[in-house]
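# Structure assessment
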Amino acid sequence: MGETTRNKKLKVTSLFCGCGGMDLGIQGDFNFLGKHFSELPYEVVYAADNDSYATAIYNSNFKHKCETKDVRDIIPTEIPDHDILLGGFPCQSFSISAQNPPRLGYKDERGKLFFEMVNVLKEKQPRFFIGENVKGLLSANKGKAFPMIVNEFEKAGYHIHYKLLNSSEFGVPQKRERVFIVGFREFDDYFKFRFPQPSTLNGSKVKLKQVIDTKADLDDKWFFSQRAVDGMLRVREKMNKGRVQDLEQPCNTISSHLAKVSLNGTDPVLMIDGKYRRFTPREAANIQSFPKSFNLEVVSENRQYRAIGNAVPPVLMWHVANALVECCSVEKPEVVKDKNVV
Ligand SMILES: C[S@@+](CC[C@H](N)C(=O)[O-])C[C@H]1O[C@@H](n2cnc3c(N)ncnc32)[C@H](O)[C@@H]1O
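Residues numbered from 1 in each chain as written. Predicted model: local features only at pLDDT ≥ 70, side-chain atom pairs only at ≥ 80, totals over all residues. Heavy atoms only, no water.

### Observations concerning the site of the ligand
Taken together, 20 residues form the shell around the ligand, and within it Gly21, Met22, Asp49, Asp70 and Val71 come nearest. Contact between the ligand and phenylalanine 16: a nitrogen atom at 3.0 Å from a main-chain N or O atom of the residue. The separation between an oxygen atom of the ligand and a polar main-chain atom of glycine 21 is 3.0 Å. In isolation the ligand exposes 600 Å². Once the protein is present, 91% of that is buried. (Near = heavy atom within 4 Å. Polar contact = N/O pair within 3.5 Å; in protein donor to acceptor, adjacent residues only side chain to side chain. Areas by Shrake-Rupley, 256 points an atom, 1.4 Å probe, with all protein chains shown as cover.)

Okay, structure coming up:
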């Protein structure tokens, strides 16, 4: 993006890269709500995801390119050497909202995909790794899945810190809670690392109204039909549906379901002048803290919602990646030239 640097950067491999929320966050050098998130001393040298729509978005936003590939087909010896492995491994099987089918955790095929990260760690032994997942990971399989996963990472040779972080406490207009697992090959690094402290507590949290596009209020396309509203009202009392968001607060968690948002679901919606409205894909990206300059329009709106709903908020990731810089005395890039970045 806008800055160039002289210092050496740590090399990053990103598995399950999606549209690149983690990757943008770790590289830095982007703007969100008038704030610049500085370039960090990391560069992505290899990235892969099997969703071709997410990778199309990724490839239209980064200079380097990711591969559209099933991570189970990756041969660890064939990927570039790297210092950090990233993996927001698929979370559907751990999610509390995934009641139907029931939460299978690590017994589900998708719940086993973190083993692909373990395989790469065993072979490549990078200095760090960062894993990300839903809060439900901590309680999945009656609390057995998480210690088992940590144990597998330890057996690969890593010391583990983990923490549940709430995005809204880091300047993201969303209450999204995610577990970050940070692994260290060296005990010294492990000993020095501290998770970032919340930067935006109650009074200063970013409000949903700060990222709403009022132009969308003028377009019928984004409003639910009277039929959908009547249908929802019939079942609402029984089912507590119709999740209208408070514009004065950060938004509830958005997910890939936004592609199929309905008033009978649990997904957040807006109420504008007494009418129910869904978010536009751009608003979803804003809620996830992607910069305005992040290009979405290379795929259909449904595919944009899916990729964005799956992403790690770049601003949250930036804070975690910056904490890693602080602990490990990696040199911050020297900014040579600072252009305007949108
Ligand atoms: C939680 S999302 C990752 C989000 C991404 N790290 C980001 O920050 O934008 C999980 C991703 O895993 C991908 N995925 C699921 N199964 C996969 C597989 N077998 N091989 C590669 N990618 C897979 C999905 O397409 C999805 O993009």
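Moving on, there is more to tell.
### Some points on the nonpolar core
Formed by 74 residues in total, the largest nonpolar core has its most connected members in Ile26, Tyr42, Ile84, Ile130, Phe180 and Leu324. Here this core spans two domains, since at least three of its residues come from each of domain 1 (3-204 + 291-338) and domain 2 (208-287). Excluding residues that lie within four positions of it along the chain, leucine 324 makes contacts with Tyr42, Ile84, Phe128, Ile130, Val182, Phe184 and Phe193. Judged by nonpolar contacts, the second largest core, of 27 residues, contains Phe16, Phe146, Ile149 and Ala156. (Core = buried A, V, L, I, M, F, W, Y, C linked by side-chain atoms within 4.5 Å. Buried < 20%, exposed > 50% of the residue type's maximum accessible area, 1.4 Å probe, protein only. Domains from an automatic or database assignment. Contact = heavy atoms within 4.5 Å.)

### Some remarks on the packing of aromatic side chains
Tallied over the entire structure, the rule returns 16 aromatic pairs. Measuring from ring centre to ring centre gives 5.3 Å for phenylalanine 30 and phenylalanine 37, while their planes differ by 20°; the resulting arrangement is stacked. When sorted by exposure, phenylalanine 30 lands in the same class as phenylalanine 37, which is buried. Both rings, one in phenylalanine 146 and one in tyrosine 162, keep their centres 4.6 Å apart while their planes meet at 70°; by these two values the pair is edge-to-face. Of the two residues, phenylalanine 146 is situated in helix H4 (residues 145-155) and tyrosine 162 in strand E9 (residues 159-166); the sequence distance between them amounts to 16 residues. Here phenylalanine 146 falls in the buried class, since its relative accessible area comes to 6%. A residue is classified by how much of its surface remains accessible, and tyrosine 162, at 47% relative accessible area, is partly exposed. Members of the aromatic cluster, connected to one another through ring pairs, are Phe128, Phe184, Phe187, Tyr190, Phe191, Phe193 and Phe195. Residue placement shows lysine 275 over the ring face of phenylalanine 223; its charged tip is 4.4 Å from the ring centre. Sitting over the ring of tyrosine 53, arginine 303 keeps its end group 3.9 Å from the ring centre. (Phe/Tyr/Trp six-rings, centres within 6.5 Å; stacked < 30°, edge-to-face > 60°. Helix = DSSP H or I, 4+ residues; strand = E, 2+ residues; numbered from the N terminus. Lys NZ or Arg CZ within 6 Å of the ring centre and 35° of its normal.)

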